[in-house]
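# Structure assessment
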Amino acid sequence: MREKLTVIKVGGKIVEEEAALCKLLDDFAAIGGYKVLVHGGGRSATKIAARLGIESKMVNGRRITDAETLKVVTMVYGGLVNKNIVAGLQARGVNALGLTGADMDVIRSVKRPVKEVDYGFVGDVKQVNGDFLGGLIRRGVVPVMAPLTHDGEGHMLNTNADTIAGETAKALSGQFDVTLVYCFEKKGVLRDENDDDSVIPRITREEFERYVAEGVIQGGMIPKLENSFEALDAGVSEVVITLASAINSNGGTRIIK
């Protein structure tokens, strides 16, 4: 029987506010067994870019990453946010190691091709070194992964944290029994977006397709769930969408095969 591994993805809002971050670190430290944390940090990047006189441009919620913005996100995601989390986990007895995709060639990407939009230095994940990560994890190291990758030719690339979490979970699913948890500002996938308590406790692919056809699930939740089913198809055991403050409870929405 394979050992359990939990991959938690948290957005920037959680890791950038002190009280929310302390709660997250306490909860993450309490998770039993092997674990990985993947974080965002977009709000901090936007604030620091503004202080430096660099305008942040977004298209469909994605940051356009020109050369100057790339410097900012590398500093903020790989430095400020990542090391704050690592230091906080060390204080809680968790032997954390902060990583970007460039460190030990953990995640390699290709620069996103220019189509309708030129996203600049944004990476689409090509490969995750699951063997190396798995070896670290088995030695008791807890990877804390920033949303940055590299192209193997000396360039850092800004990369979506949801994608990094999903691809990392897939790459480790051959070695571990992996649960992937996407933390989100709602309690889970809602039947009624105006009722925070209308959480759908579990969703299969057939139910997902029906909910989309009925208009119950719409907008940005559709790609989140499509990514979840892709992870299940690639060997991840379970995907959970829940609040960051509920990662140790049985709440949220479980996405199952």
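The structure reproduced in this document is the subject of the present report. (Residues numbered from 1 in each chain as written. Predicted model: local features only at pLDDT ≥ 70, side-chain atom pairs only at ≥ 80, totals over all residues. Heavy atoms only, no water.)

Note on soluble globular proteins: their nonpolar side chains tend to be buried together. In terms of nonpolar packing, the biggest core is built from 38 residues, with V7, L180 and I203 touching the most fellow members. When neighbours within four sequence positions are excluded, I203 is seen to be in contact with V189, F208, Y211, I217, F229, T253, R254, I255 and I256. With 32 residues, the next largest nonpolar core counts L21, V94, V181 and A244 among its residues. (Core = buried A, V, L, I, M, F, W, Y, C linked by side-chain atoms within 4.5 Å. Buried < 20%, exposed > 50% of the residue type's maximum accessible area, 1.4 Å probe, protein only. Contact = heavy atoms within 4.5 Å.)

Side chains of K13, R43, K47 and R51 sit close together on the surface and give a patch of like positive charge. Broken down by element, the positive patch gets its largest block of residues, three residues, from helix α3 (residues 42-51). Among the structural elements, R43 can be located in helix α3. (Patch = residues over 30% accessible without salt bridge, like charges linked within 9 Å, V, L, I, M, F, W, Y side chains within 5 Å. Areas by Shrake-Rupley, 256 points an atom, 1.4 Å probe, with all protein chains shown as cover. Salt bridge = Lys/Arg side-chain N within 4 Å of Asp/Glu carboxyl O. Lys, Arg positive; Asp, Glu negative; His and termini not counted. Charge placed at Lys NZ, Arg CZ, Asp CG, Glu CD. Helix = DSSP H or I, 4+ residues; strand = E, 2+ residues; numbered from the N terminus.)

What follows concerns unusual backbone geometry. Located in the positive-phi region is M104, a residue other than glycine, with phi close to 55°. Looking at the element boundaries, M104 is found in the loop between β5 (96-99) and β6 (107-111). In this model, D105 sits at a positive phi of 55°, which is unusual for a non-glycine residue. As for its placement among the helices and strands, D105 is situated in the loop between β5 and β6.

Strand order in the open sheet formed by eight strands is β5-β8-β2-β1-β11-β13-β14-β12, with mixed pairing between adjacent strands. With partners counted over all chains shown, the strands left at the sheet margins are β5 and β12 (202-203), one partner each. In this structure, strand β1 (residues 4-10) lies alongside strand β11 (residues 177-184), joined through six bridges in parallel fashion. Paired with K9 across the two strands is Y182, which belongs to β11. In the packing of helix α4 (residues 67-91) onto the sheet, the strands contacted are β2 (34-39), β5 and β8 (142-145), and the crossing angle to β5 comes to about 175°. (Pairing = 2+ DSSP bridges. Axes fitted to C-alpha atoms, helices over the stretch in contact; angles between N-to-C directions.)

A few words on the pairing of β11. Of all eight residues in β11, seven are buried, a share of seventy percent or more. Here six bridges tie β11 to strand β13 (residues 238-243), and the two strands are oriented parallel to one another. Looking at β13, one finds that C183 is bridged to T242.

This next bit is on the environment of V72. As for its position among the elements, V72 is in helix α4. V72 gets classed as buried once you look at its relative accessible area, which sits at 3%. Spatially, the C-alpha atoms of V72 and V117 are 21 Å apart, while their sequence positions differ by 45 residues. Contact partners of V72, with chain neighbours within four places excluded, come to A45, I48, A49, L52 and I54.

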